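Reading the structure
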Amino acid sequence: MASGPSLDFLSTSFSLSRVDDARLTPLQEGTSSAIALPLVDRPANFLRDAFAGAAEKDRLHFAHGTTTLAFVFQGGIIAAVDSRASMGQYVGSGTVKKIIEINPYLLGTMAGGAADCSFWERDLGRRCRLYQLRNKQRISVAAASKLLANTVYGYKGMGLSMGTMIMGWDVSGPHLHYVDSEGTRLKGNKFSVGSGSTYAYGVLDAGYSWDMGVEDAIHLARRSIYHATHRDAASGGVINVYHVKEEGWVKISSDDMMIIHEQVKAEKKAVDDAAEAVEGAAASGAETVAAVGSAADPTAAQDTGDASAASRGDVPPPASST
Amino acid sequence: MLSEGTLGAVWGPSLAVLPTRVPREPGCTASGLGPISTSTSILTGLCFVRAPRARFWFIVSCVYVVGLTGAFGRPPVSGSSLLLCGSGSCRTVLAVAGKDFCVVASDTRLGLGYSIPSRKVSRILKMTDKVVLASSGMQADMMTLHKTLRMRLVKYQQNHQKDMSLTAASQMLSNMLYTRRFFPYYTFNVLGGIDEKGEGWAYGYDAIGSHEKVSAVCSGTGQTLIQPVLDNQIEFKQQWGAPKVDLSLEATVELIRDAFTSAGERDIYTGDYVEICKITKDGVEVEEFQLKFD
């Protein structure tokens, strides 16, 4: 009977219960592990309809997570996330752990509904462990992401909100899959998910190459999330970076985004100073150097965008400079 | 006699439909007529309409019109108005964890729209000697959740011959909330206590179970008023270079008292009494103090 690999791990233990005849009392329901459905005609629409006419302040808001990214390169996989959870307009938390450690060699990220992501990725961890115990080998990343995708597909249309990336290093190398609550499952080398993903993609795509060194890759990931937190209102807090290697994942850093802001500003200043020096040496006349140099000082305290533009000579220096 | 009856039938409705402006509870679907004005007009009408037959028709027609216009309120028709009229996410709860203690506090006012049905409603559940839960949000869901939790705690105690630890209780609450993902418990919980190592920790939850271990968390109507104070005074957020001071139990309780007093000034749903539960290795001690009753 147990000749081939066991497929028991495919059965969902969290089943949807629609008990019409044998109605469970709330206490009975509270102690069972079935996901309860409202006993209405269209359970999938209940939550949306219940708050249809309500004022914004009375609506049920769930914690949502926002900018995450991950990419594969020659040295493994780097994953970087922010840590803000917004509940409507209120910042529910500024220290959410959006990288979920499923097991020592699998990571999942959280974007969308915080409760949905953490619950289903914890359930995924349980099933990966069961697979490992039953089959005496670790589950592959592709199979793990497929388990998750199939599970949430069962709840498709019911309002789950989850955009997660499952990554790990199995026997066939490092793999990265994107799985979301619509049932999408994509394999790829570079993903960013969340409201700030567009900003992160811009920086990530500009700096990415397969042959990057590990330090460069970490630096790129951190900067991409920083730029997303800078421009997206729903992203912020602490930037967490993880690295997935052959031996498993390791946590690289956890820095407040303001610290990264200062670092980025300092880097830009260094780059611009170097560019200035080159321009100054190329241009003839000491007055040009003096004018650009004095213009750089008052504008250094402003937004970094303006300062670098002024010192590059794209924007004329203020007329009132000495 | 017929003419008297007709007179009564006409008199009744015309009096009952006297327009009056009455402040409505937020979200209630009752009509614009007030119960006081309607009953006054009915009584006045009864004085004038003497003949028994006319009186009979008068009363019948009043009842009919009152039912139609909903002068005495109408049962809420949709789920949302049920929530809004019957609950209120009133009350403020918070939990602050120290090095080896935790304080969980909640106000005790039950607000329903613009009314205060009760001033002394307890929202704290003492789960074990080391773990305390406080819930804000809908009263009914909170009571059911607490009942179910009590049952689960007893079951665990009987199965494992020991009380649930803080980490176990926090995960259990999260799972319980998530099993109602599609018909949530409209509750915003905070859990506080001492873990197996003797450290104090607090957990904040959203309605469907997303939880996070923190040092200080606040939920409810006073959340936006109190949470920033806790971020500043307990977590020292964004205070680079300032020394992070561990507050003592007395200092924490003082801070919580001040926070509730100020929140009571600016939030209509926070007030009356505050129940403060202090959890230390010696157990749970409950203290109560009074806020303004306005």
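Residues numbered from 1 in each chain as written. Chains lettered and ligands numbered in written order. Predicted model: local features only at pLDDT ≥ 70, side-chain atom pairs only at ≥ 80, totals over all residues. Heavy atoms only, no water.

**A short note on the state of the cysteines**
Residue and element names in this part refer to chain B. We count it as follows: Count a disulfide wherever a pair of cysteine sulfur atoms falls within 2.5 Å. Only protein chains enter the calculation, and the probe is 1.4 Å; a residue is then buried if its accessible area is under 20% of its type maximum, exposed if over 50%, and partly exposed in between.
Scanning all chains against the criterion turns up 0 disulfides over all chains. No disulfide involves Cys102; its nearest neighbouring cysteine sulfur is the one of Cys277, lying 9.9 Å away. Owing to a relative accessible area of 0%, Cys102 belongs among the buried residues under this scheme.

**Digging into the packing of helix H5 (residues 197-207) of chain A against helix H6 (residues 214-231) of chain A**
Relative orientation and spacing of two packed helices are given, respectively, by the angle between their axes and the distance between those axes. Residue and element names in this part refer to chain A. Threshold: Every angle, taken between N-to-C directions, lies between 0 and 180 degrees, and every axis is a line fitted to C-alpha atoms, over only the stretch in contact when it is a helix. Put simply, DSSP H or I for four residues or longer makes a helix, DSSP E for two residues or longer makes a strand, and each gets a number counted from the N terminus. Any angle that is under 35 degrees is reported as roughly parallel, and any over 145 degrees as roughly antiparallel; angles of 65 to 115 degrees are reported as roughly perpendicular and all others as oblique. Take the far helix as the reference: if the near one is turned anticlockwise from it by less than a right angle, the crossing is left-handed, and if turned clockwise, right-handed. The contact rule is simple, with two residues in contact once any of their heavy atoms fall within 4.5 Å. The residue classification treats Ala, Val, Leu, Ile, Met, Phe, Trp, Tyr, Cys and Pro as nonpolar and Asp, Glu, Lys and Arg as charged. All others, Gly included, are polar.
Look at H5 against H6: their axes get within 7 Å of each other, and the N-to-C directions meet at 150°. Compared by their axis directions, H5 and H6 come out roughly antiparallel. Viewed along their axes, H5 and H6 form a crossing whose handedness is right-handed. Along its contact with H5, which presents Tyr199, Ala200, Val203, Leu204 and Gly207, the element H6 presents Leu220, Arg223, Ser224, His227, Ala228 and Arg231. Its residues placed into classes, the contact of H5 with H6 shows 6 nonpolar, 3 polar and 2 charged.

**Comments concerning the packing of H6(A) against helix H7 (residues 257-282) of chain A**
All names here are of chain A. At a closest axis distance of 10 Å, the pairing of H6 and H7 adopts a crossing angle of 110°. Here H6 is positioned roughly perpendicular relative to H7, judged by the angle of their axes. Where H6 approaches H7, its residues His219, Arg222, Arg223, Tyr226, His227, Thr229 and His230 are matched on the opposing element by Met257, Ile260, His261, Val264 and Glu267.

**Describing the sheet that holds strand E6 (residues 131-137) of chain B**
All names here are of chain B. Heads up, the condition is: Paired strands, as defined in this entry, are two strands with at least two bridges between them according to DSSP.
Overall, antiparallel pairing links the 5 strands, which are arranged E5-E6-E7-E8-E9 in an open sheet. Bordering the open sheet on either side are strand E5 (124-126) and strand E9 (211-214), each of which pairs with just one other strand. Mean inter-strand twist for the sheet, computed between neighbouring axes without regard to direction, equals 20°. Pairing of strand E7 (residues 187-194) with strand E8 (residues 200-205), which is carried by 5 bridges, proceeds in the antiparallel orientation. By the bridge assignment for E8, Val190 is matched with Gly204. Contacting E5, E6 and E7, helix H5 (residues 139-160) runs over the sheet at an angle of about 155° to E6. The strands that helix H6 (residues 166-179) touches are E6, E7, E8 and E9; relative to E8, the one it contacts most, it runs at about 5°.

**Details of the pairing of strand E1 (residues 92-97) of chain B**
Across a regular strand the side chains alternate sides, sitting on one face of the sheet and then on the other. All names here are of chain B. Most of E1 is tucked away, with 6 of its 6 residues classed as buried. Residues Thr92, Leu94 and Val96 line one face of E1 and the alternating positions Val93, Ala95 and Ala97 line the opposite face, and both faces are buried. The hairpin formed by E1 and strand E2 (residues 102-107) contains 4 residues between the paired strands.

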